Amino acid sequence: MGKNTEIADIFEKIADALEVKGDIIFKINAYRKAAKVLREYSEDISAIEPTEIAGIGKGMAEKIEEYLKTGKIKKYEEVMADIPEGLLELLNISNVGPKTLQLLHKELGVNNLADLEKVLKEGKLSGLPGMGEKKEENISKGVFLYKAGKARMPLAVALRVAKEFIKPLSGVSESVYPAGSIRRMKETIGDIDILATGDNVKDIIETFVRQPYVKEILAKGDTKVSVRTSFEDRQVDLRVVEKESWGAALVYFTGSKAHNIKLRGLAKDKGLKINEYGVFKGTERIAGRTEKDVYKTLGVRWMPPEMREDRGEIELAIEGKLPILIEQENIRGDLHIHSNYSDGTESIETMVLAAKGLGYEYIGISDHSKSSRIAGGLSEERLKRRNEEIDRVQDRIKGIKILKGMEVDILSDGRLDYSDSILEELDFVIAAVHQGFTKNVSKRMKTAMDNPWVDILAHPTGWLLSWREGYNINIEEVMEYAAEKGVLLEINASYNRLDLNDVNIMKAKTYGAKFMIGTDSHNTGMLEDMELGIGTARRGWLESKDVFNTYRWDDIPLRRRR
Ligand code: DGT
Ligand code: CA
Ligand code: CA
């Protein structure tokens, strides 16, 4: 089916471009019509003669053949030659049609989103023929919504919104789950998908739209509804499915799309058909109620949603060789914790009690070192007093071991922020880059890892999910070096970091690296970000033995003990 979609996409782009250029309407429509026919055609186009399809004329058939033969369509390249890169994207903005876009492009030189925002700000639109203030205002609104919808949100935000909806729905439905990228625990989320099943479909839909944080209903049908939230201004989609289809719908709407496409191929090989309603042999539904059944019918074992990215998980599941992924229950402690001795908001005692409440066996206090001045980094003298405070708290609180750690800055020459004699006295050391993000970061990190007292490398890429790209770094080289030296790589679970991410984790594992999941908590609430770190570790296929804070403290094969 792949080629049909590829060609349809190209035809649609040609149509858009011609329209923006002001070409003749029947030519434009010919491309749109051909695209539609291709999308709806059930056979793979490469297996048949294009002219045999009703609705595909001679001209279009030639272009299809050209693409199948050469992988290109010359007409497309001709049309696109003088169209600026970001121009056609603007057609996705509501109230910006091809006519308007043509005007904006020709009269005001708008080539991309930034240009459009600029002319809007300067009030230049209302001066154009047929524009006016009302239209200008609508386009402005369209731009705002487009940007909000396009921007991906951190997983933590999406989970919070999803849980707000799921709570009231669980009262009226039999099952309700977040689906899509949330269920796969992807680090950023496009839109929020929720799936429910139950006898009273109407009740479920009405309960959903009645929630106080629904700002606008975008679309509402009998089994499907789409809303925008006042909280975070996000789109949330709910689908209610029949019980016979619950498992099939979960598989389908959890995705990922690439995973689904692979499954569809498997079904086809077995002479079956799979969709969101079930697995079918002819017209008979042979599975659909549970995910397990759906996978089983295809000859595959059930696998955790975090793995469903078509990165080889289906092949492993067929062979019965799926890893047993790490779970929250495996975590025995958290080693990345700030107290109010540096920039945390709470006392050591409060943090320790909260960690104990989570059932942890140990907690490592790891405040900032002296060079991190804005973060209240500790002088040697203050570090000594903090350690005495830890001893006092440990005397009062039993049943959890409190460890003396530090998050120590890696300086501009790769040396650490304290002398070795101080580092040696600590229970563990996390090394981190907090300044000079563009300056020799890989080399500095490697020098730091040459220091035998460094146990863990914090947030190795330095990116922030919402806005920062991270250090100028060769991450592969750093991860490989960490593996060689036996330094643990941190999976920083803080809602805005998730660093390392899934892709880097998988790569690091091939080097033989080991990991530590730390929340980087600055208050007690952040301890719960562990969930995000676990999700990320699972996306990287980690098992409990790969992550060292699943070990008892006395058994952790930390570098200094080996
Ligand atoms: P997002 O929202 O961008 O973070 O990513 P997803 O994975 O949640 O994607 P979304 O919301 O567009 O769709 C939810 C799921 O529905 C997706 O993971 C797989 C399924 N799905 C969506 N579109 C297609 C499609 O064209 N083909 C197939 N096979 N599955 C699809
Ligand atoms: Ca989604
Ligand atoms: Ca969706």
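In what follows, the structure referred to is the one given above.
Here is what the cut-offs are and how they apply
Residues numbered from 1 in each chain as written. Chains lettered and ligands numbered in written order. Predicted model: local features only at pLDDT ≥ 70, side-chain atom pairs only at ≥ 80, totals over all residues. Heavy atoms only, no water. Helix = DSSP H or I, 4+ residues; strand = E, 2+ residues; numbered from the N terminus. Buried < 20%, exposed > 50% of the residue type's maximum accessible area, 1.4 Å probe, protein only. Polar contact = N/O pair within 3.5 Å; in protein donor to acceptor, adjacent residues only side chain to side chain. Near = heavy atom within 4 Å. Areas by Shrake-Rupley, 256 points an atom, 1.4 Å probe, with all protein chains shown as cover. 1 Å grid on protein atoms, 1.4 Å probe; cavity = no way out; pocket = protein on both sides within 12 Å on 5 of 7 lines; lining within 4 Å. Sits in = over half its atoms within 2 Å of the grid points. Nonpolar A, V, L, I, M, F, W, Y, C, P; charged D, E, K, R; others polar. Domains from an automatic or database assignment. Points joined across faces, edges and corners; volume = space filled by probe spheres on them. Donors = N, O, S within 2.8 Å, 3.2 Å for Na, K, Ca; no water. Pairing = 2+ DSSP bridges. Contact = heavy atoms within 4.5 Å. Axes fitted to C-alpha atoms, helices over the stretch in contact; angles between N-to-C directions. Salt bridge = Lys/Arg side-chain N within 4 Å of Asp/Glu carboxyl O.

A.B. asks: What's the story with the side chain of serine 366 in this structure? I'm lost.
C.D. replies: Along the chain, serine 366 falls in strand E12 (residues 362-368). The class of serine 366 is buried, set by a relative accessible area of 0%. A polar side-chain atom of serine 366 sits 2.9 Å from the main-chain carbonyl oxygen of leucine 335.

A.B. asks: Would you mind going over the site of ligand 1 with me for this structure?
C.D. replies: Taken together, 16 residues lie around ligand 1, and Arg152, Ser181, Gly190, Asp191 and Arg264 are the ones closest in. Separating a nitrogen atom of ligand 1 from a side-chain N or O atom of tyrosine 252 is a distance of 3.4 Å. Protein chains shield 72% of the accessible area of ligand 1, which is 600 Å² for the free molecule. Placement of ligand 1 is best described as lying within the largest pocket. Secondary structure elements with two or more residues in the shell around ligand 1: helix H9 (180-183), helix H11 (246-254) and helix H12 (257-269). Split into classes, the residues belonging to the shell around ligand 1 amount to three nonpolar, seven polar and six charged. Split by domain, the shell around ligand 1 shows at least three residues from each of two domains, domain 2 (153-240) and domain 3 (245-319).

A.B. asks: Looking at this structure, I do not really get the layout of surface pockets. What am I missing?
C.D. replies: Left-over empty space is what a probe sized like a water molecule reveals as it rolls over the atoms. Looking at the largest pocket, its volume works out to about 1,200 Å³. Lining of the largest pocket is provided by 36 residues; of these, Tyr252, Lys257, Asn260, Ile261 and Arg264 occupy positions nearest its centre. Put simply, the parts of the chain that give the lining of the largest pocket at least two residues each are helix H1 (2-21), helix H2 (25-40), H9, H11, H12 and strand E8 (273-275). Here the element with the most residues in the lining of the largest pocket is H12; it accounts for eight residues. For the lining of the largest pocket, the per-class residue count stands at 12 nonpolar, 12 polar and 12 charged.

A.B. asks: Please clarify how the coordination of the calcium ion (ligand 2) should be interpreted in this entry.
C.D. replies: Six octahedrally arranged donors around a metal ideally form angles of 90 or 180 degrees; four tetrahedrally arranged donors ideally form angles of 109.5 degrees. Distances from the calcium ion (ligand 2) to its protein donors, Asp191 (O), Asp191 (OD) and Asp193 (OD), fall at 2.3 to 2.5 Å. In this structure, the calcium ion (ligand 2) lies 3.8 Å away from the calcium ion (ligand 3), the two metals sharing aspartate 191 as a donor. Among the residues examined, aspartate 191 registers a relative accessible area of 27% and is labelled partly exposed.

A.B. asks: Would you mind showing me how to read the sheet that holds strand E16 (residues 488-492) here?
C.D. replies: Strand pairing in a sheet relies on backbone hydrogen bonds. The paired strands run either parallel or antiparallel. Taken in spatial order, the seven strands make up an open sheet running E11-E12-E13-E14-E15-E16-E17, and their pairing is parallel. Looking at the sheet topology across the chains shown, the edges are occupied by strand E11 (333-337) and strand E17 (515-518). As defined by bridge partners, E16 adjoins E17 across four bridges and the pair is classed as parallel. Following the sheet pairing, isoleucine 491 is matched in E17 by isoleucine 517. Sitting on the sheet, helix H15 (residues 348-357) touches E11, E12 and strand E13 (401-409), and the angle it makes with E12 is about 145°. Together, E12 and E13 form the strand contacts of helix H16 (residues 380-396), whose direction differs from that of E13 by roughly 160°.

A.B. asks: Is there a simple way to explain the pattern of salt bridges in this structure?
C.D. replies: Here the structure, examined in full by the defined rule, presents 39 salt bridges. Between arginine 32 and aspartate 16 there is a salt bridge, and its shortest N-O distance comes to 2.6 Å. Here arginine 32, found in helix H2, pairs with aspartate 16, found in helix H1; they are 16 residues apart in sequence, far enough to count as distant. For arginine 32, a relative accessible area of 28% puts it in the partly exposed group. In this structure aspartate 16 comes out as partly exposed when scored by relative accessible area, which is 23%. Residue lysine 21 pairs with aspartate 82 through a salt bridge whose shortest N-O separation is 2.8 Å. Linking lysine 21 in helix H1 with aspartate 82 in the loop between helix H4 (74-80) and helix H5 (98-108), this pair joins segments that are 61 residues apart in sequence. Residue lysine 21 is classed as partly exposed on the basis of its relative accessible area of 31%.

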